[in-house]
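Fold and contact review
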Amino acid sequence: MSTPAVGTGPISNGDHWQLSSLFAGTHVAGDIDTPQPGVSTNLPRIASQPLTSKRPKVPKSRIRCSYPGCKLTFPRNYELQRHRDGVHNSKVAVFCPFYECDRAVKPYPRKDKAWEHMRKHRNGQQFLCIFDNCRSGPWSQEELLSHLKSQHIQGPCCTESEAIALGFFQWRQTPLRDGLFLFESKDNCPLAFLGCEFKADDNFHQHLTSHELMDRSKGYEAIQAVPNSSDFVLGTATCPICREQVCGPDDYIRQFTKHLEHHSKEERGVHAFELAEIFRPYLSRQRSWGYWGYPGADFGIMMEAELQEAGLVPELIG
């Protein structure tokens, strides 16, 4: 009887045991998820390495202020420029108006910094005069306003620095046609000195157009000094000759001058004083007749000649 070739005959139970012992501790197909008894599966793992390593951060260069003695540096050009404008080339020097504050003698070179400081004061009761050449005090807020009205109604207008400090009290300095100044609340109409009692938060545009052209002329300087106010040339206007309301709140002064052209020179001469008052900003060269364009400018020049003939223009300009 011949012996079967190796690997061709059936495997006996004994042979199966021998093969099983041969492959003990290893995984075979179909038995991958089944751990073998007595065999540890906690094999050490090799940490994966990143493909690229992080580059070290290079510190950004800073720009140094070139002002003599200044050692400050800045990351961006606009910050350096703001520093130069605010510290070394400042156009303002805002003193704190609070009495006994260190910043009452050491001004801020920037408006935003001054206001940031002033907002930190709580329930202040005593103040100094906001004018750099005065600085008298201490005053209560009511006493300070009275002091400004009595002592600084004449003289130069507030500088930008003084106006910033004045604004902290929500007051403004209103210039009048005679060269005097009126210190009043920012909520007041610019024409309050004429008896107007209207108050608003910030924008007087719609209100001012309801004032007559005559009143707007009398308060021309006051109107121009108030931010966000309407232009003098827009608003209500009544003819001093025939008493007809020629312009409404949304109409411009050119409509008024067109109406005057229909009146004769003699009629205009009878009311020359009123017309001179209405056109005062033009006669005093605060405004130009050329603003009206042709032919309005020609009429304005003709009106000025008529008022000169009546002897009114030199008085108004002076």
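In the block above lies the structure referred to throughout.
Residues numbered from 1 in each chain as written. Predicted model: local features only at pLDDT ≥ 70, side-chain atom pairs only at ≥ 80, totals over all residues. Heavy atoms only, no water.

Comments concerning the overall build of the protein chain
- Counting secondary structure elements, the protein chain contains 14 helices and six strands.
- Taken over 318 residues, the protein chain has a buried fraction of 37%.
- A fraction of 42% describes how many contacts in the protein chain between residues 6 or more apart in sequence connect residues 24 or more apart. (Helix = DSSP H or I, 4+ residues; strand = E, 2+ residues; numbered from the N terminus. Buried < 20%, exposed > 50% of the residue type's maximum accessible area, 1.4 Å probe, protein only. Contact = heavy atoms within 4.5 Å.)

Considering unusual backbone geometry
- The omega torsion across Gly 137 and Pro 138 is 5°, close enough to zero to call that bond cis.
- In this structure, Pro 138 sits in the loop between helix 3 (111-118) and helix 4 (141-151).
- Although it is not a glycine, Arg 135 adopts a positive phi angle of roughly 55°.
- Structurally, the position occupied by Arg 135 is in the loop between helix 3 and helix 4.
- Of note, Arg 285 is a non-glycine position whose phi angle comes to about 65°, a positive value.
- On the secondary structure map, Arg 285 appears in the loop between helix 12 (280-283) and helix 13 (296-309).

Thoughts on the packing of aromatic side chains
- By the definition in use, this model includes nine aromatic pairs.
- Ring centres 5.0 Å apart and planes at 55° place the aromatic pair Phe 98 and Phe 127 in the tilted group. Within this pair, whereas Phe 98 is found in the loop between helix 2 (77-88) and helix 3, its partner Phe 127 is found in the loop between helix 3 and helix 4, the two being separated by 29 residues in sequence.
- With a centroid separation of 4.9 Å and an interplanar angle of 15°, the aromatic rings of Tyr 282 and Trp 289 are classed as stacked. (Phe/Tyr/Trp six-rings, centres within 6.5 Å; stacked < 30°, edge-to-face > 60°.)

Considerations on the nonpolar core
- If you look at the biggest cluster of nonpolar residues, it comprises 26 residues, and the most contacted ones within it are Ile 253, Phe 256, Leu 260, Phe 279 and Tyr 282.
- Of all the elements in the fold, those that place two or more residues in this core are helix 7 (213-218), strand 6 (245-247), helix 9 (253-260), helix 11 (272-278), helix 12 and helix 13.
- Per element, the largest residue contribution to this core is four residues, and it comes from helix 11.
- Not counting residues up to four positions away in its chain, the partners in contact with Phe 256 are Leu 213, Ala 237, Thr 238, Cys 239, Pro 240, Val 246, Cys 247, Ile 278 and Phe 279. (Core = buried A, V, L, I, M, F, W, Y, C linked by side-chain atoms within 4.5 Å.)

Describing the pairing of strand 4 (residues 181-185)
- For strand 3 (residues 171-175) and strand 4, the ladder comprises five bridges, and the chain directions are antiparallel. Bridging across to strand 4, Pro 175 finds its partner in Phe 181.
- Counting the residues between successive antiparallel strands, the hairpin from strand 3 to strand 4 contains five residues, one of them, Gly 179, with a positive phi of roughly 90°. (Pairing = 2+ DSSP bridges.)

Focus: the pattern of salt bridges
- Per the stated rule, a full pass over the model turns up 11 salt bridges.
- As a salt-bridge pair, Glu 274 and Arg 243 come within 3.2 Å of each other at their nearest N and O atoms. Within this pair, whereas Glu 274 is found in helix 11, its partner Arg 243 is found in the loop between strand 5 (237-238) and strand 6, the two being separated by 31 residues in sequence.
- Connected through shared salt-bridge partners, Arg 177, Glu 221, Glu 277 and Arg 280 make up one network. (Salt bridge = Lys/Arg side-chain N within 4 Å of Asp/Glu carboxyl O.)

A closer look at the environment of Leu 166
- Within the fold, Leu 166 resides in helix 5 (residues 160-168).
- For Leu 166 and Ile 130, which are 36 residues apart along the polypeptide, the C-alpha to C-alpha distance reads 6.6 Å.

Describing the environment of Ile 241
- For Ile 241, the location among the structural elements is in the loop between strand 5 and strand 6.
- Exposure remark for Ile 241: the relative accessible area of 17% places this residue in the buried category.
- Considered as a pair, Ile 241 and Val 270 are 29 residues apart in the sequence and their alpha carbons are 8.3 Å apart.

Observations concerning helix 3
- Within helix 3, burial applies to Ala 114, His 117 and Met 118. Buried residues along helix 3 cover an arc of 95° about the axis, so they all sit on one side. (Arc of directions from axis to C-beta.)

Examining the packing of helix 3 against helix 5
- With their axes 11 Å apart at the nearest point, helix 3 and helix 5 run at an angle of 30° to one another. When the interaxial angle is binned, helix 3 and helix 5 end up roughly parallel. The crossing of helix 3 and helix 5 is right-handed. Contacts from Lys 111, Trp 115 and Met 118 of helix 3 reach helix 5 at Ile 164, Ala 165, Gly 167 and Phe 168. (Axes fitted to C-alpha atoms, helices over the stretch in contact; angles between N-to-C directions. Parallel < 35°, antiparallel > 145°, perpendicular 65-115°, else oblique. Left-handed = near helix turned anticlockwise from the far one by under 90°.)

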